[in-house]
Amino acid sequence: MNRLRKIFTLDSLIVPLVAILLGLIVGAIVMLLGGYNPFEAYAALIKRVVGNPYDFGETIRQITPLIFTGLAVAFAFRSGMFNIGADGQVLIGMTAATSVSLSMSGVSSSIVVPVAVIAGGVAGGLWAAIAGYLKAKRGINEVITTIMLNWTALYLSNYVIRHFFLLKGQNRSEDIGASAALTFLSGIFNNARVHWGIVIALLAALFFYVYLWKTKQGYEMRAVGFNQNAAEYAGMNVGRNVVKAMFISGVFAGLAGTFEVLGVFHYQSVFAASPGYGFDGIAVALLGMNHPFGVVLAAILYGVLTYGSAGMSFAAGVPPELIKIIIGSIIFFIAAQGIVRFVLKPFYLKRKKEKVL
């Protein structure tokens, strides 16, 4: 119980919850200004998510890549870096998993699936490690390199699919086949695309927490994130920790792409533009305040709002773009915590007076 209290302090719980509430209120005000009923809209959103097993399963499917990419961004941030390249790492993970699955067509699933998952994760990690290496050895800002690597990953993945695995007459790869497909309790959720990635994502969040807060290597990474000069003075290898942190961050993002191919689509498209998974991950990491368990909760909120927006659109006639306004408002209040604390100030003062009495 004491450990849980340390992880989830009263302030760390109340501030995000109030930020979410304020974001929902802003969304309701915008709906009223647009002539929509916010109560009807939010009711339609909830019904869309939990109204039947299929939609509930699809919501879980929507949440899964958000957890992975949120963890990727949060892990890098905790280590003192801003990984804007999660989107490219997702694509590289996708491409590696697709290439392995199609190259091993006909091989037993007990071999293909683990190899494809490992390949996707490692490929994403190595792609991110390029930015880590350039920062460690050349001092190049990782924001610049990861943005450039996003575009490189997009065109590289499209090249690989077009020239080696393209389905004739289609703008996508061949199907990976049943031996490489990952399904999980799809029968219970009326054939929703729920897959084993959700289990791996939760285990990844647990790994994130244990590694950073319970191991020596994690302590070094956090120390480098707080102050690189002080960490170097203390005898820590800053460059090695930078590359390692980016590699682990990239593994998380690469797994997001891997499970999208193996568990959801079972093929890889030739993308005209970046799919956006990594940029959603930045929002999730900010919402989760860069804590692994916070990221999981933020991904659930983001996934519910995103998938439920269709219910708002069809049942209440509310444009789905309004969900982006709500999410943006929540992120704003999370970032501008001074505003949230100003709102909470009367409650804190009342609590102090009660303690004094």
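Residues numbered from 1 in each chain as written. Predicted model: local features only at pLDDT ≥ 70, side-chain atom pairs only at ≥ 80, totals over all residues. Heavy atoms only, no water.

- Under an unreviewed UniProt entry, the name given to the protein chain is Nucleoside ABC transporter membrane protein, and the source organism is Fontibacillus phaseoli.

What to know about unusual backbone geometry
Here is step 1 of the chain: Unlike most non-glycine residues, N191 shows phi in positive territory, near 65°.
Here is step 2 of the chain: For N191, the location among the structural elements is in the loop between helix 7 (142-165) and helix 8 (197-214).
Here is step 3 of the chain: Positive phi, close to 65°, is recorded for H266, a residue that is not glycine.
Here is step 4 of the chain: Inspection of the secondary structure puts H266 in the loop between helix 11 (238-265) and helix 12 (277-287).
Here is step 5 of the chain: Classification of H266 by relative accessible area gives partly exposed; the value is 24%. (Helix = DSSP H or I, 4+ residues; strand = E, 2+ residues; numbered from the N terminus. Buried < 20%, exposed > 50% of the residue type's maximum accessible area, 1.4 Å probe, protein only.)

Observations regarding helix 6 (residues 109-138)
Here is step 1 of the chain: The end-to-end C-alpha distance of helix 6 is 43 Å, a good match for the 44 Å that 30 residues give at a rise of 1.5 Å each.
Here is step 2 of the chain: Of the residues trailing helix 6, G139 is marked for its positive phi of about 70°. (Expected span 1.5 Å × (residues − 1).)

Some remarks on the nonpolar core
Nonpolar side chains in soluble globular proteins tend to be buried together.
Here is step 1 of the chain: If you look at the biggest cluster of nonpolar residues, it comprises 91 residues, and the most contacted ones within it are M31, I67, L71, F75 and F252.
Here is step 2 of the chain: Not counting residues within four places of it along the chain, the set of residues in contact with M31 comprises Y36, P38, A41, Y42, M312, V318, L322 and I326. (Core = buried A, V, L, I, M, F, W, Y, C linked by side-chain atoms within 4.5 Å. Contact = heavy atoms within 4.5 Å.)

Some thoughts on a nonpolar patch on the surface
Here is step 1 of the chain: The grouping of L21, I25, I29 and L33 at the surface amounts to a nonpolar patch, some 410 Å² of accessible area in total.
Here is step 2 of the chain: Tracing the sequence through the fold places L33 in helix 2 (residues 10-33).
Here is step 3 of the chain: Residue L33 is classed as exposed on the basis of its relative accessible area, which comes to 74%. (Patch = residues over 30% accessible without salt bridge, like charges linked within 9 Å, V, L, I, M, F, W, Y side chains within 5 Å. Areas by Shrake-Rupley, 256 points an atom, 1.4 Å probe, with all protein chains shown as cover. Salt bridge = Lys/Arg side-chain N within 4 Å of Asp/Glu carboxyl O.)

Remarks on the side chain of S173
Here is step 1 of the chain: Along the chain, the position of S173 falls in the loop between helix 7 and helix 8.
Here is step 2 of the chain: The exposure class assigned to S173 is buried, which follows from its relative accessible area of 0%.

Side note on the packing of aromatic side chains
Centre-to-centre distance and the angle between the planes together describe a pair of aromatic rings.
Here is step 1 of the chain: Under the definition given, this model contains 16 aromatic pairs.
Here is step 2 of the chain: Note on F75 and Y211: the rings are 6.3 Å apart at their centroids and 35° apart in plane angle, and the pair reads as tilted. Taken together, the residues F75 in helix 4 (residues 53-78) and Y211 in helix 8 connect sequence positions 136 residues apart. We note that F75, like Y211, is buried. (Phe/Tyr/Trp six-rings, centres within 6.5 Å; stacked < 30°, edge-to-face > 60°.)

Comments concerning the environment of S99
Here is step 1 of the chain: When you line up the elements, S99 lands in helix 5 (residues 86-103).
Here is step 2 of the chain: You can call S99 buried: its relative accessible area is 17%.
Here is step 3 of the chain: Setting aside residues up to four positions removed in sequence, S99 forms contacts with V160 and F165.
Here is step 4 of the chain: Here the side chain of S99 touches T95 through a polar contact of 2.7 Å, landing on its backbone oxygen. (Polar contact = N/O pair within 3.5 Å; in protein donor to acceptor, adjacent residues only side chain to side chain.)

A closer look at the packing of helix 12 against helix 13 (residues 292-316)
Here is step 1 of the chain: Their axes nearest at 8 Å, the elements helix 12 and helix 13 cross at an angle of 120°. In terms of axis orientation, helix 12 runs oblique to helix 13. Read as a crossing pair, helix 12 and helix 13 show a hand that is right-handed. Contact residues: helix 12 offers D280, A283, V284, A285 and L287, while helix 13 offers V295, A298, A299 and Y302.
Here is step 2 of the chain: Class assignment of the residues belonging to the contact of helix 12 with helix 13 gives a composition of eight nonpolar, no polar and one charged. (Axes fitted to C-alpha atoms, helices over the stretch in contact; angles between N-to-C directions. Parallel < 35°, antiparallel > 145°, perpendicular 65-115°, else oblique. Left-handed = near helix turned anticlockwise from the far one by under 90°. Nonpolar A, V, L, I, M, F, W, Y, C, P; charged D, E, K, R; others polar.)

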